[in-house]
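Spelled out, the chains give:
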Amino acid sequence: MSESGPERVIIFDTTLRDGEQSPGASMNLPQKLQMARALRDLGVDVIEAGFAAASPGDFEAIRAIAREVHGPTICSLSRCNQGDIEASHQALKDAPRRRIHVFLATSPIHRDFKLKMAKEEIVCRAVDGVRLARERCDDVEFSTEDAARTELEFLAEVVERAIEAGATTLNIPDTVGYALPQTYAETLAYLKKHVRGIDRVVMSVHCHNDLGLAVANSLAGVMVGARQVECTVNGIGERAGNASLEEIVMALKTRSEVFKLSTGVRTERLYPTSRLLAQVTGMHVQRNKAVVGQNAFAHEAGIHQHGMLTHRETYEIMRPEEVGFAKSQLVLGKHSGRHALKERLVALGYALSDAQVDKVFQDFKVLADKKKDIYDADIEALVVHGQILGKGNVAWELEALSTTSGTGTMPCASIALRGADGNRIQEVAAGDGPVDACFKAIEKITGMTVKLRDYQIASVSKGEDAQGEVSIEVEHRTGVYRARALSTDIIEGSARAFLDVMNRIALKGPQTKPDLRMEPTP
Ligand SMILES: [Zn+2]
């Protein structure tokens, strides 16, 4: 807490843990690192980087972030057992500031049907978990999963015992998004009043958005004394998502006369961070999303022009610059240099090394030959689809592609792939259309068959020569896989996305993570 000025609310970002668990939001290691750096630059206090015991991928990501991203406290989730806590401890070892987060469900429905444990066992397990975590780390958070549906007296007992055992942050999650602002505030107020030692620890809120109330519930918790809010960029998360970071932060800031609280967030980084996450995951933000949606500001809509021109505040309670909306969409082109590109990358929230900028610049030059104007979205797409945050090893590479289609002809594709062993294989296939024919030819070469579940094409930016982004989802006997690819030619883009999926299957890196769902999390 600062000595002067308003009291601080801790912003605990769980985009990389709770957010990443949502279907379609999984990220690879370079993407997670890039996001973690953006979160550091945004000014969040705590980054929950993953659930170390959930999978080797999670463990590695937490360890890499702990090593490379300094400033915020890095946190890892654990169930109340030795294996999980030890995994978190190991993954976090190199972080200058670290936190172990342990959780255990407390509600009757979770006790009876999930854990099959009596109340006394829950208390013992919680105390043991917190104690063990505290032996490994001075900063320990404890979450009472499904707190919002737990009997108040029992909740108070568990919380009090967790504090005695050494927890320094007490999180009271509404895991299933069931609470209403008033009932949630009453729960927290009850704990404030009845739990011994609660004033020595930080009380935290973690709300899900199943009824669209995650932000409202979180703020109601802050009103009665919670001083940590757990949230995610763009509100991503399981089911309907978590409380949205940008909405929490801007509500606290815009209505500071009511809250009299501050955060460490640099609000002008909100929009770039939101864009970065959307680009990296492919989960785009709805246009009317509060704070970061394309239509969030009146000046975009055009309908209030007259009022806006005479007096901004007529329709705007926040200024677009405050949340980092670019004043104008800067356009780059064929003659733009590396310096201009680098400046744009920084403004867009990408923290890249010189060698990485060089790579993006090479791709930029190639694109500039095909496309007159290059917009921010094109630059973002180059980073996300290029070698920087894109794929690592591949089993097959696209060497050549040609298709024929037209009225009265049978659509055909001829495709040549080069395998990791250097062999070049070519196949021809017919299909319902040129895209289908490409997919069939790739299936023939790779010897794998999949079922296409979803196929979408969207234009990345403006203009007739805009790049198309192809997103596909396929089902294979080993799981569901997703991929995206970018091209000014949608048939080539489709083939590349399909090939990316086949590479993932060949290299056995499923995109959905059934292993993480060993049991639900707070
Ligand atoms: Zn959650």
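Scoring rules and cut-offs
Residues numbered from 1 in each chain as written. Predicted model: local features only at pLDDT ≥ 70, side-chain atom pairs only at ≥ 80, totals over all residues. Heavy atoms only, no water. Helix = DSSP H or I, 4+ residues; strand = E, 2+ residues; numbered from the N terminus. Rg over C-alpha atoms; globule rule 2.2 N^0.38 Å. Buried < 20%, exposed > 50% of the residue type's maximum accessible area, 1.4 Å probe, protein only. Contact = heavy atoms within 4.5 Å. Areas by Shrake-Rupley, 256 points an atom, 1.4 Å probe, with all protein chains shown as cover. Lys, Arg positive; Asp, Glu negative; His and termini not counted. Charge placed at Lys NZ, Arg CZ, Asp CG, Glu CD. Donors = N, O, S within 2.8 Å, 3.2 Å for Na, K, Ca; no water. Core = buried A, V, L, I, M, F, W, Y, C linked by side-chain atoms within 4.5 Å. Pairing = 2+ DSSP bridges. Axes fitted to C-alpha atoms, helices over the stretch in contact; angles between N-to-C directions. Salt bridge = Lys/Arg side-chain N within 4 Å of Asp/Glu carboxyl O.

(A) Up close: the overall build of the protein. Counting secondary structure elements, the protein contains 19 helices and 16 strands. For the protein, the C-alpha radius of gyration of 25 Å lies close to 24 Å, the compact-globule estimate for 522 residues. Taking the principal axes of its C-alpha atoms as reference, the protein extends roughly 75 × 60 × 40 Å. Sorting the 522 residues of the protein into buried and exposed places 55% on the buried side. The contacts in the protein between residues at least 6 apart in sequence include a share of 67% that link residues at least 24 apart. Accessible surface for the protein amounts to roughly 22,700 Å². Of this, 50% is attributable to carbon and sulfur atoms. With 64 positive and 71 negative side-chain charges, the protein shows a separation of 2 Å between the mean positions of the two kinds.

(B) Spatial organisation of the environment of Gly422. Along the chain, Gly422 turns up in the loop between strand E12 (412-419) and strand E13 (424-430). With 185 residues separating them in the primary sequence, Gly422 and Gly237 have C-alpha atoms 41 Å apart.

(C) Structural context of the coordination of the zinc ion. For the zinc ion, the full set of protein donor atoms is Asp18 (OD), His206 (NE2), His208 (NE2) and Pro522 (O), at a range of 1.9 to 2.2 Å. Sequence spacing of the donor residues for the zinc ion, all on one chain, is D-x187-H-x1-H-x313-P. Placement of the pair is His206 in strand E8 (residues 202-207) and Pro522 in the segment after helix H19 (490-506), with a sequence separation of 316 residues. Judged by its relative accessible area of 0%, His206 falls in the buried class.

(D) Expanded view of the nonpolar core. Of all hydrophobic cores here, the largest spans 112 residues; its most connected members are Val102, Phe142, Val159, Ile172 and Leu345. By residue number, the principal contributor to this core is helix H7 (residues 152-165), which donates 8 residues. Not counting the four nearest positions on each side in its chain, Val159 is found in contact with Thr144, Leu170, Ile172, Leu191, Val195 and Ile198. Ranked by size, the runner-up nonpolar core spans 30 residues in total, among them Trp396, Leu398, Ile442 and Ile505.

(E) The sheet that holds strand E2 (residues 10-13), seen in detail. Ordered in space as E2-E3-E4-E5-E6-E7-E8-E9, the 8 strands form a closed barrel in which the pairing is parallel. Averaged over all neighbouring strand pairs, the angle between strand axes comes to 25 degrees, with direction disregarded. Pairing of strand E5 (residues 98-105) with strand E6 (residues 140-145) involves 6 bridges; the strand directions are parallel. Looking across to E6, one finds that Leu104 is bridged to Thr144. Helix H4 (residues 82-92) rests against strand E4 (73-79) and E5 of the sheet, and its axis sits at about 160 degrees to E4.

(F) Up close: the sheet that holds strand E14 (residues 451-459). Pairing within the open sheet is antiparallel, and its 3 strands lie in the order E14-E15-E16. Strands at the two margins of the open sheet, each flanked by one partner only, are E14 and strand E16 (479-487). Between one strand axis and the next, the sheet turns by 15 degrees as a mean value, whatever way the strands run. Where strand E15 (residues 468-476) and E16 come together, 9 bridges link them in antiparallel fashion. Of the residues in E16, the one forming a bridge with Ser471 is Arg484.

(G) Quick peek at the pattern of salt bridges. Scanning the entire structure with this criterion turns up 45 salt bridges. Arg196 is paired through a salt bridge with Glu160; the nearest N and O atoms lie 2.7 Å apart. Here Glu160 lies in helix H7 and Arg196 lies in the loop between helix H8 (181-194) and E8, a separation of 36 residues in the sequence. Judged by its relative accessible area of 62%, Arg196 is exposed. The salt bridge involving Glu399 is made with Arg418; its shortest N-O contact spans 2.8 Å. You can see Glu399 sitting in strand E11 (residues 396-404) and its partner Arg418 sitting in strand E12, a full 19 residues away along the chain. Assessed through its relative accessible area of 40%, Glu399 is described here as partly exposed. Arg418 gets classed as partly exposed once you look at its relative accessible area, which sits at 31%. One continuous salt-bridge network, built from bridges that share partners, spans Arg338, Lys342, Asp354 and Asp358.

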